[in-house]
Amino acid sequence: MTTIKSPIQNLTATLTRPEVSLVVPIYNEVESLPQLIKAITSVLTSTQLSYELICVDDGSTDGSAQLLKEHALTYPNLRAVLLRRNYGQTAAMAAGFDYARGHAIVTLDGDLQNDPIDIPILLAKLSEGYDLVSGWRQNRQDKALTRLLPSLIANWLIGQITGVKIHDYGCSLKAYRSELVADMNLYGELHRFLPALAFIEGARITELPVRHHARRHGYSKYGLGRTFRVLMDLLTVLFMRKFLTRPMHVFGLLGIISFALGVGLGLYLTILKLGFGESIGDRPLLILAVVLILTGVQLLSFGLLGELLMRTYHESQGRPIYRVREIVEINVKNNKEN
Ligand code: UDP
Ligand code: MG
C-alpha cells in the first residue's frame, strides 16, 4: 500500500532533508566514539553544510551503545541507530543507509582510521557530477602480511572481474549520491563491492586519495578469514554483473552446445552399432555422450529457472531493468498545450 502525501508534506520533507548524511558502523569502539563524534562535528560545522550523523551500533558489548545514546541526547545532529545484535559491518551500513535522509551519503569507519577532514574533499568531488567517490588510502597503516597483501590481491582481482578499476575497494570512506544507494541491495559482506554494484547500476565512479591512521583504540574485527568470504562474494557479484538480466543466454547456450555434442556422439555410436554391428557397450564415448546430454538438459533447465527467478527478483521489488540518470523536458503542461 502506498501512502500519498499532501504537496505541503512533500515540501517540508524535502526542505528538512539535510545536504549530507554521515553513516558510521560501530562495533565495540567505546574509546574512539567521543573523539569521533567531536571530530566529525567540528569538520562538518566548518563546512556550513546541513548534515546528520548516523551512528549504527552493531550490537556492541563494550558499552558503545550506552555512550552513543548519551551523545545522541546532547548532539542535535546525531542519530543513534542501535541494532539488536551483531549483524556485521555490511548490515550495519545497510541500516545506516535506510535511515539516512541526506542528498549525499558519506560512510566512514568508527575507529578513527579514516580522517573526517577528508569528508568535504570527497563531497566537493561528488558535486562535480559523480555518483560515487571512493577513498584511496595513502600510507595505509595496517599489518603488511595479513592485511595489505591480501588486500592488494583482492583489489586487483575485483578490478579484473568487475571491470571497475579503483585502487582501494576496502576503504570505508566513500561518498554517494543518495539515489544510487537507494538502488543497491546489500547482502553478505557486499559493502566492499559497493563500487562494483554501483557500476552495475550505471553509476559514474571516481576515486580520491585520503588519509589513513593506525588504529589507536580497540582491535580490528577482521583477520585472514575475510579473504575467503571476499572471494565468495566476488563470485556473487560476477554473477550479478553478467547474468542478472539474461541467465538463459548464458546457461542456454552452454546447455545447447553440451546437448548437441552428446546427441552427435550418440548418433555416431548408434550408426556403429546398427550399421556395422560393432559392440558399443564398453566404450567410454558412450558414457561421455550420456553425460553431455544430461548436462545439456540440466543447464537448459537451470537457465529457465534463472529466467523465472530473475523476473521475480525484478517484479517483486518493482525494480526496473534500467536506471534513468535524468529526464529533460520543457514542462509537461506546455507540451500538451502546443
Ligand atoms: N564493524 C561493525 N560490525 C562488525 C565488525 C566491524 O560495525 O561486525 C565496524 C567497526 O566498528 C568499524 C568498521 O566496521 O567501524 C570497520 O571495522 P574494522 O576497523 O575492525 O576493520 P579494519 O579497519 O580492520 O578493516
Ligand atoms: Mg579499522
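For clarity, every value in this text was computed on a predicted model and none was experimentally measured. (Residues numbered from 1 in each chain as written. Chains lettered and ligands numbered in written order. Predicted model: local features only at pLDDT ≥ 70, side-chain atom pairs only at ≥ 80, totals over all residues. Heavy atoms only, no water.)

Q: Explanation requested: the pattern of salt bridges in the structure shown.
A: Opposite charge on two side chains lets them pair, provided their charged atoms get close. Applying the stated rule across the entire model yields 14 salt bridges. The partner of E29 in a salt bridge is R215, and the shortest N-O contact between them spans 3.0 Å. On the criterion of sequence distance, the pair formed by E29 in the loop between β1 (20-26) and α2 (33-47) and R215 in the loop between β7 (205-210) and α9 (226-243) is long-range, its members being 186 residues apart. E29 sits in the buried class, given a relative accessible area of 5%. Under the relative-accessibility criterion, R215 is labelled partly exposed at 23%. A salt bridge links E52 to R79, with the nearest nitrogen and oxygen atoms 3.8 Å apart. Here E52 is found in strand β2 (residues 51-57), whereas its partner R79 is found in strand β3 (residues 78-82), with 27 residues between them in sequence. Via salt bridges that share partners, E29, D111, R215 and K221 belong to a single interconnected network. (Salt bridge = Lys/Arg side-chain N within 4 Å of Asp/Glu carboxyl O. Helix = DSSP H or I, 4+ residues; strand = E, 2+ residues; numbered from the N terminus. Buried < 20%, exposed > 50% of the residue type's maximum accessible area, 1.4 Å probe, protein only.)

Q: Got a minute to help me understand the layout of surface pockets in this structure?
A: Put simply, the largest pocket is a space of about 720 Å³. Q89, R147, R192, Y222 and R226 are, among the 43 residues lining the largest pocket, the residues nearest its centre. The set of elements that each furnish at least two residues to the lining of the largest pocket consists of β1, α4 (89-99), α6 (144-162) and α9. The greatest single-element share of the lining of the largest pocket, amounting to nine residues, is contributed by α6. Here the lining of the largest pocket is composed, by residue class, of 15 nonpolar, 16 polar and twelve charged. (1 Å grid on protein atoms, 1.4 Å probe; cavity = no way out; pocket = protein on both sides within 12 Å on 5 of 7 lines; lining within 4 Å. Points joined across faces, edges and corners; volume = space filled by probe spheres on them. Nonpolar A, V, L, I, M, F, W, Y, C, P; charged D, E, K, R; others polar.)

Q: How do you make sense of the coordination of the magnesium ion (ligand 2) when you look at a structure like this?
A: By definition of the ideal shapes, four donors in a tetrahedron about a metal sit 109.5 degrees apart, and six donors in an octahedron sit 90 or 180 degrees apart. Distances from the magnesium ion (ligand 2) to its protein donors, D111 (OD) and Q113 (OE1), fall within 1.9 Å. Classification of D111 by relative accessible area gives buried; the value is 5%. On the basis of relative accessible area, Q113 is assigned to the buried category, the value being 9%. (Donors = N, O, S within 2.8 Å, 3.2 Å for Na, K, Ca; no water.)

Q: Can you walk me through the site of ligand 1 in this structure?
A: Near ligand 1 you find 18 residues, and of these D58, D111, R147, S220 and K221 are the closest. Within the contact set of ligand 1, an oxygen atom lies 3.5 Å away from a side-chain nitrogen or oxygen of Q89. One of the side-chain nitrogen or oxygen atoms of R215 is found 2.9 Å away from an oxygen atom of ligand 1. Using a 2 Å cut-off from the grid points, one finds that ligand 1 occupies the largest pocket. Residues that form the shell around ligand 1 fall into these classes: four nonpolar, six polar and eight charged. (Near = heavy atom within 4 Å. Polar contact = N/O pair within 3.5 Å; in protein donor to acceptor, adjacent residues only side chain to side chain. Sits in = over half its atoms within 2 Å of the grid points.)

Q: Teacher, can you tell me more about the nonpolar core here?
A: Nonpolar side chains in soluble globular proteins tend to be buried together. Core analysis: the biggest nonpolar cluster contains 33 residues, and F97 and F193 have the highest contact counts within it. Secondary structure elements with two or more residues in this core: β2, α4, α7 (178-182), α8 (194-200) and α9. Looking at this core element by element, the count peaks at five residues for α4. Setting aside anything within four residues of it in sequence, one finds F97 in contact with V23, I105, T107, Y176, V181, L186 and L194. Core analysis: the next-biggest nonpolar cluster, separate from the first, contains 30 residues, V24, C55, L68 and C171 among them. (Core = buried A, V, L, I, M, F, W, Y, C linked by side-chain atoms within 4.5 Å. Contact = heavy atoms within 4.5 Å.)

Q: Before we go on, may I ask you to explain unusual backbone geometry in this structure?
A: One can expect most non-glycine residues to show negative phi and most peptide bonds to be in trans. Look at L112: it is not a glycine, yet its phi comes out positive at around 70°. Take L112: it is sitting in the loop between β4 (104-107) and α5 (119-126).

Q: Could you clarify how one ought to interpret a nonpolar patch on the surface in this entry?
A: On the surface, a cluster of nonpolar side chains totalling about 430 Å² of accessible area is made up of L145, L149, L152 and I153. Looking at where I153 falls in the secondary structure, it is placed in helix α6. (Patch = residues over 30% accessible without salt bridge, like charges linked within 9 Å, V, L, I, M, F, W, Y side chains within 5 Å. Areas by Shrake-Rupley, 256 points an atom, 1.4 Å probe, with all protein chains shown as cover.)

Q: Would you explain empty space enclosed by the protein in this entry?
A: Once rolled over the atoms, a probe with the size of a water molecule shows which space is left empty. Evaluated as defined, the whole model comprises one cavity of 30 Å³ or more. In this structure, the largest cavity occupies an estimated 60 Å³ of space. Residue lining of the largest cavity: Q89, M93, T107, Y169, G170, C171, S172, K174, Y176, H191, R192 and L194, and that is the complete set. Looking at the lining of the largest cavity, the elements that each hand over two or more residues are α4 and β6 (174-177). Each residue belonging to the lining of the largest cavity can be placed in one class, and the counts come to five nonpolar, five polar and two charged.

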